[in-house]
Amino acid sequence: GVRRDIDMETFLKVWFILVDPRQVESVFGSTTTPSRLWGGRRWDAASSLTPGHLEELERLGVGVSLTLTNHFFDEESYRGSAGLLERLHRPGNSVICVSDDLARRLRRDFPRYVLKASMIKGITSRTGVEEALGLYDRVAIPMDLNDDDAVLEDLPEKDRITLFANATCAYTCPARTCYYGFSQENQGREVTAGCSQDVRERERLGLVHFDLDRLRGLGFRHYKLIPDVRAQERLEALARGVRRATA
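Read on for a plain summary of the structure. (Residues numbered from 1 in each chain as written. Predicted model: local features only at pLDDT ≥ 70, side-chain atom pairs only at ≥ 80, totals over all residues. Heavy atoms only, no water.)

What the seven strands build is an open sheet, ordered E1-E2-E3-E4-E5-E6-E9; its pairing is parallel. Where the open sheet ends on each side, the last strands, each with one partner, are strand E1 (26–29) and strand E9 (222–224). For this sheet the average axis-to-axis angle between neighbouring strands, irrespective of direction, equals 30°. Note that strand E5 (residues 138–140) and strand E6 (residues 161–164) share two bridges and pair parallel. Bridging from a neighbouring strand, Ala140 pairs with Thr162 of E6. Sheet strands in contact with helix H5 (residues 100–109) are strand E2 (63–68), strand E3 (94–97) and strand E4 (114–117), and its direction is about 160° off that of E3. (Pairing = 2+ DSSP bridges. Helix = DSSP H or I, 4+ residues; strand = E, 2+ residues; numbered from the N terminus. Axes fitted to C-alpha atoms, helices over the stretch in contact; angles between N-to-C directions. Contact = heavy atoms within 4.5 Å.)

What you see with E3 is no split at all: Ser94 and Ile96 on one side and Val95 and Cys97 on the other are buried throughout. Bridge count between E3 and E4: four bridges; the pairing is parallel. When the bridges of E4 are listed, Ser94 appears paired with Val114. Remark: the E3/H5/E4 crossover connection has right-handed handedness. (Buried < 20%, exposed > 50% of the residue type's maximum accessible area, 1.4 Å probe, protein only. Right-handed = clockwise from strand over helix to strand, strands pointing away.)

Next up on the list: helix H2 (residues 51–60). Residues of H2 that are buried: His53, Leu54, Glu56 and Leu57. Here the buried residues of H2 occupy an arc of 160° about the axis, which is enough to place them on one side. Exposed residues lying more than 90 degrees from the buried face of H2 are Pro51 and Arg59. Those residues of H2 hidden inside the fold are in contact with helix H1 (8–15), E1 and E2. Gly61 sits one or two residues past H2 and shows a positive phi near 75°. (Arc of directions from axis to C-beta.)

So, in structure tokens, the structure goes:
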């Protein structure tokens, strides 16, 4: 939902209306630079962070989390992304990964990035978290685990685990096949996976918000916040006002 006609400081205030911008550690997403490693969603330059957005975020002291969550890793894709990785290689920025091979290369070649294991990896156990923390700085776990106090209480190093503050369709979809399809599409491969709703109907709950006081009480401090789509309406109204004022 990022817009080129609205500055990032305003974007953060409007898009995340219930959050103090000073609480925002990083903004996750893609940039306008093509990469076969983009994942998580269909890459689209028009809805990606521009160089201007990135400069603004740096001035604001807000990092960028690059969603390089493609399921497929190869040398050609990595070399083709080297320019992107070099330009944003600085403290405070991070890379979200699904591929452990990519994470290992980044650890060697671009050590200033914070490495984050994506929720898409489907890490759901103490053993899985412990193994992932041997490679990654942070590990995000699926949002449905927010309902399981026994699992959450058993997890180690809670200060290195990211929970979801809210959730949409992935909350009630254990398959999450769409992510694999997005990886295929962004790689230019044949797309063989898509939304699992086409195969099995899932319960649609809309945007679900979790009890952060409860999760903080369990020791968790890092959260991923999915924007409310209604913010699009607020942004469009704001953009119309900006266009009228500058006409």
